[in-house]
Amino acid sequence: MNADTLTATFLKRGASPKTAFRQASGQLSITHARVNNLNDVSVSIPAGVLTVVTGVAGSGKSSLIDQAFLTQHKEAIVIDQSAIGASSRSNSATYIPELWTTCVRLLRQPIK
């Protein structure tokens, strides 16, 4: 790469993956969830760390988090990719730039 741009400089430097990771400060449990296709599901979600829920279409991710989890943990903050404006491509980070900046800053904090 011969370009002398900010992007090229960053890409030439390469990535250095973390060697240590933030540990969960506890757990938030979902017990006996019975919503839509969930049948008596119990699971513990790490607290104090960024947690992502993934799975194939129709596996119950939204039911688990949006209904079962938030019913049992009303204080939790859930960030999803739902459109919040007229454009289906917009999400909360589109309208609240400080949100993304804050998330990045928090995730870059050294592990104690």
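Bear in mind that the values here come from a model prediction, so they are computed numbers and not experimental data.

Please set out the side chain of Ser63 residue by residue, giving values where relevant.
Assignment of secondary structure puts Ser63 in helix α2 (residues 61–72). When residues no more than four places from it in sequence are discounted, the contact partners of Ser63 are Val35, Asn36, Asn37, Leu38 and Ala68.

Outline the pattern of salt bridges, supporting the account with residue identities and numerical values.
In this structure the tally under the stated criterion is 1 salt bridge. A salt bridge links Arg34 to Asp40, with the nearest nitrogen and oxygen atoms 3.7 Å apart. Arg34 sits in the exposed class, given a relative accessible area of 57%. The exposure class of Asp40 is partly exposed, given its relative accessible area of 34%.

Any chance you could break down the environment of Thr31 for me, citing the residues and the numbers?
Mapped onto the elements, Thr31 comes out in strand β1 (residues 26–33). Residue Thr31 is classed as partly exposed on the basis of its relative accessible area of 42%. Not counting residues within four places of it along the chain, the set of residues in contact with Thr31 comprises Val41, Ser42 and Gln72.

Lay out the side chain of His73 with the relevant residues and their values.
Structurally, the position occupied by His73 is in the loop between α2 and α3 (92–95). Residue His73 is classed as buried on the basis of its relative accessible area of 11%. Not counting the four nearest positions on each side in its chain, His73 is found in contact with Leu28 and Ser29.

Account for the layout of surface pockets, naming residues and giving values.
The computed volume of the largest pocket comes to approximately 1400 Å³. Surrounding the largest pocket, 34 residues form its lining, Leu50, Thr51, Ile77, Val78 and Ile79 being those nearest its centre. Every element with two or more residues in the lining of the largest pocket is listed here: β2 (41–47), α2, α3 and α4 (97–108). Here the lining of the largest pocket takes 6 residues from α4, the largest share from any one element. Residue composition of the lining of the largest pocket, by class: 20 nonpolar, 9 polar and 5 charged.

An account of unusual backbone geometry is requested, with residue identities and associated values reported.
Positive phi is not limited to glycine here, since His32 has a value of about 50 degrees. Here His32 shows up in strand β1. Judged by relative accessible area, His32 falls into the exposed class, the value being 52%. A positive phi angle, close to 50 degrees, is found at Asn36, a residue other than glycine. Its location among the elements puts Asn36 in the loop between β1 and β2. Owing to a relative accessible area of 65%, Asn36 belongs among the exposed residues under this scheme.

Thresholds applied
- Residues numbered from 1 in each chain as written.
- Predicted model: local features only at pLDDT ≥ 70, side-chain atom pairs only at ≥ 80, totals over all residues.
- Heavy atoms only, no water.
- Helix = DSSP H or I, 4+ residues; strand = E, 2+ residues; numbered from the N terminus.
- Contact = heavy atoms within 4.5 Å.
- Salt bridge = Lys/Arg side-chain N within 4 Å of Asp/Glu carboxyl O.
- Buried < 20%, exposed > 50% of the residue type's maximum accessible area, 1.4 Å probe, protein only.
- 1 Å grid on protein atoms, 1.4 Å probe; cavity = no way out; pocket = protein on both sides within 12 Å on 5 of 7 lines; lining within 4 Å.
- Points joined across faces, edges and corners; volume = space filled by probe spheres on them.
- Nonpolar A, V, L, I, M, F, W, Y, C, P; charged D, E, K, R; others polar.

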